[in-house]
Amino acid sequence: MTLPTPELHTDRLRLRPFTNADADALYTLHSNTHVMRYWDSPPWTEPARSDRFIMMCHKMAEEGTGARVAIDRACDGAYVGWCGLTSWNPDYRSASLGYCLSEAMWGHGYATEAAQALLRWAFDTLDLNRVQAEADTRNMASARVLEKVGFIREGTLREDCIVNGDISDSWVYGLLRREWKPSPT
């Protein structure tokens, strides 16, 4: 079952399917050590990773397991980052939310705005009951984004990631349909 990747618009952002033209910006994002310091894998060191990432986005859509979208700023088309719902399970009516934004785009509310738009689409289109997300316990900015859009911290995965010898914990967040309060569009 396919799951067409949406194109969504907010006041300041456009969320759209990835294209091959995104490869350079995607590589710049995922090769930045500061951006990736709380990620569950090391920064990319080979540009071909971008092509594989984009192919996986298309494969997820074809297999119906999720949707990952590129985020552009509406005013000038600047690449902001990406946001996605993965592990969509129609039987359990659940999925997992993730996002990654360019360092220059931090602190402007773009992650919150993009997550809110994707969640609105997901709850309306996929009939979700639950969305889960994880954040490194050191990443307070990501925790704030999740809490702003309504996620509740449900627990801690202790020492669940080891990246380049650095052991870290992750917080698990959950958002239930009955608790979700969409922001006005």
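The structure this text deals with has already been given above.
Residues numbered from 1 in each chain as written. Predicted model: local features only at pLDDT ≥ 70, side-chain atom pairs only at ≥ 80, totals over all residues. Heavy atoms only, no water.

1. Describing the packing of aromatic side chains
Then, in step 1: A full pass over the atoms with the stated rule returns five aromatic pairs.
Then, in step 2: Arranged with centres 5.6 Å apart and planes meeting at 80°, the rings of Phe-18 and Phe-53 form a pair that is edge-to-face. With Phe-18 in the loop between strand 2 (13–17) and helix 1 (23–30) and Phe-53 in helix 2 (residues 48–63), this pair connects stretches of sequence that are 35 residues apart. For the pair shown, Phe-18 and Phe-53 are each scored as buried.
Then, in step 3: Ring centres of Trp-39 and Trp-82 lie 6.0 Å apart, and the angle between their planes is 85°; on these two criteria the pair is classed as edge-to-face. A residue pair is termed long-range when its members are at least 10 positions apart, and Trp-39 in the loop between helix 1 and helix 2 and Trp-82 in strand 4 (residues 79–89) qualify at 43 residues.
Then, in step 4: Under the relative-accessibility criterion, Trp-39 is labelled partly exposed at 26%.
Then, in step 5: Pairwise contacts between aromatic rings join Phe-18, Trp-39, Trp-44, Phe-53 and Trp-82 into one cluster.
Then, in step 6: Just above the ring of Trp-82 sits the side chain of Arg-68; from NZ or CZ to the centre is 5.1 Å.
Then, in step 7: The ring of Trp-171 carries the charged tip of Arg-153 above its face, separated from the ring centre by 3.7 Å. (Phe/Tyr/Trp six-rings, centres within 6.5 Å; stacked < 30°, edge-to-face > 60°. Helix = DSSP H or I, 4+ residues; strand = E, 2+ residues; numbered from the N terminus. Buried < 20%, exposed > 50% of the residue type's maximum accessible area, 1.4 Å probe, protein only. Lys NZ or Arg CZ within 6 Å of the ring centre and 35° of its normal.)

2. Details of the sheet that holds strand 6 (residues 130–136)
Then, in step 1: Within the open sheet, the eight strands sit side by side as 1-2-3-4-5-6-8-7. Their pairing is mixed. Looking along the sheet, the strands with just one partner apiece sit at the ends: strand 1 (8–9) and strand 7 (152–163).
Then, in step 2: As judged from the two bridges shared by strand 1 and strand 2, these two strands associate in the antiparallel manner. Within the sheet, the bridge partner assigned to Leu-8 lies in strand 2 and is Leu-15. (Pairing = 2+ DSSP bridges.)

3. Looking at the pairing of strand 2
Consecutive side chains of a regular strand alternate in pointing toward one face of the sheet and then the other.
Then, in step 1: Linkage of strand 1 to strand 2, two consecutive antiparallel strands, is achieved through a turn of three residues.
Then, in step 2: As paired strands, strand 2 and strand 3 (residues 67–73) are joined by five bridges and run antiparallel to one another. Across the sheet, the residue bridging to Arg-16 is Ala-70, located in strand 3.

4. What to know about the side chain of Thr-112
Then, in step 1: Of note, Thr-112 is situated in helix 3 (residues 110–125).
Then, in step 2: What Thr-112 contacts, discounting residues up to four positions off in sequence, is Val-145, Lys-148 and Val-149. (Contact = heavy atoms within 4.5 Å.)

5. Remarks on unusual backbone geometry
Then, in step 1: The residue Arg-93 is not glycine, and still its phi comes out positive at about 55°.
Then, in step 2: Mapped onto the elements of the fold, Arg-93 is located in the loop between strand 4 and strand 5 (94–101).
Then, in step 3: Positioned with a positive phi, Asn-164 is a non-glycine residue whose angle comes to about 50°.
Then, in step 4: With respect to the element layout, Asn-164 can be found in the loop between strand 7 and strand 8 (166–176).

6. Quick notes on the pattern of salt bridges
Then, in step 1: Here the structure, examined in full by the defined rule, presents 15 salt bridges.
Then, in step 2: Across the pair Arg-138 and Asp-136 runs a salt bridge whose closest N-O atoms are separated by 2.8 Å.
Then, in step 3: You can call Asp-136 buried: its relative accessible area is 6%.
Then, in step 4: Each member of the salt-bridge network shares a partner with another, and the members are Glu-7, Arg-14, Arg-16, Asp-22 and Asp-72. (Salt bridge = Lys/Arg side-chain N within 4 Å of Asp/Glu carboxyl O.)

7. A short note on helix 4 (residues 140–148)
Then, in step 1: Taken residue by residue, helix 4 has Ser-142, Ala-143, Val-145 and Leu-146 as its buried positions. Viewed along the axis of helix 4, the buried residues span an arc of 155°, placing them on a single side of the element.
Then, in step 2: Those residues of helix 4 hidden inside the fold are in contact with strand 5, helix 3, strand 6 and strand 8.
Then, in step 3: Among the residues trailing helix 4, Gly-150 stands out with phi positive, at a value near 110°. (Arc of directions from axis to C-beta.)

Function-wise, these values are silent; they only describe arrangement.
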